[in-house]
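Observations on the three-dimensional arrangement
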Amino acid sequence: ELQGWSPFIGLQIMYSLMERSPERDLLPMARHLDIGVTAWSPLGGGVLSGKYSDEIQKQKRFDPNNPMTSGFVNERNLSIAKEVQIIATEKNNTPSQVALSWLRHRGDRGVIIPIVGARSRVQMRDNLGSLDVNLSPAQLKRLDEISKIELGFPYDFLSSDMIKTLLYGNTY
């Protein structure tokens, strides 16, 4: 503003159930400065779509030496994908629709637009089907819990029971 330059209006970040670290600082900044967010890899390289489920791993359909695969396919991410699959089954939707719907429900963090990497019309239709999926508060809580990250200092410190007791006299 001081130089008369155009302000930033967009931020492109990796953000999904598997990668929530932007919640530490980038998403609060974007919300405060009214910056739109485009989230790339919202399905975590296909892991959240069920692409690397136990059955598929047994079929050896991925190469553990591939840096893209090894970066996304790990115990934590597979456990998140499993919960996505459970909720998808409960709702009679696909895992991709549930994972993308979770992003849509993050509206309290500002505008978040997923960049989908559909390779076919079928995948694109499936991804667009997420617009009709409404997750219940209980389902959102389950997804938030299994995918939560440590926010780090000062966030975890300020929300600790010790601080609530010491600073706020346990009236927080």
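See the structure above.
Below: a short report on this structure. What you are looking at is a predicted structure, and each value in this text was computed from that prediction instead of being measured.

A word on the nonpolar core. In globular proteins that are soluble, nonpolar side chains generally tend to be buried together. Judged by nonpolar contacts, the single largest core of 31 residues is most densely connected at Y15, L17, L48, V84, W102, L135 and L143. When contributions to this core are tallied by element, the ones reaching two or more residues are β1 (10-14), α1 (26-32), β2 (36-40), α4 (75-91), α5 (95-104) and α7 (137-147). Not counting the four nearest positions on each side in its chain, L135 is found in contact with I87, K91, V98, S101, W102, H105, L140 and L143.

Attention now moves to a nonpolar patch on the surface. There is a patch of nonpolar side chains on the surface, built from F153, F157, L158, M162, L166 and L167 and spanning about 690 Å² of accessible area. Listing elements by their share of the nonpolar patch, those giving two or more residues are α8 (155-158) and α9 (161-168). With 3 residues, α9 is the single largest residue contributor to the nonpolar patch. Mapped onto the secondary structure, L166 falls in helix α9.

Scoring rules and cut-offs
Residues numbered from 1 in each chain as written. Predicted model: local features only at pLDDT ≥ 70, side-chain atom pairs only at ≥ 80, totals over all residues. Heavy atoms only, no water. Core = buried A, V, L, I, M, F, W, Y, C linked by side-chain atoms within 4.5 Å. Buried < 20%, exposed > 50% of the residue type's maximum accessible area, 1.4 Å probe, protein only. Helix = DSSP H or I, 4+ residues; strand = E, 2+ residues; numbered from the N terminus. Contact = heavy atoms within 4.5 Å. Patch = residues over 30% accessible without salt bridge, like charges linked within 9 Å, V, L, I, M, F, W, Y side chains within 5 Å. Areas by Shrake-Rupley, 256 points an atom, 1.4 Å probe, with all protein chains shown as cover. Salt bridge = Lys/Arg side-chain N within 4 Å of Asp/Glu carboxyl O.

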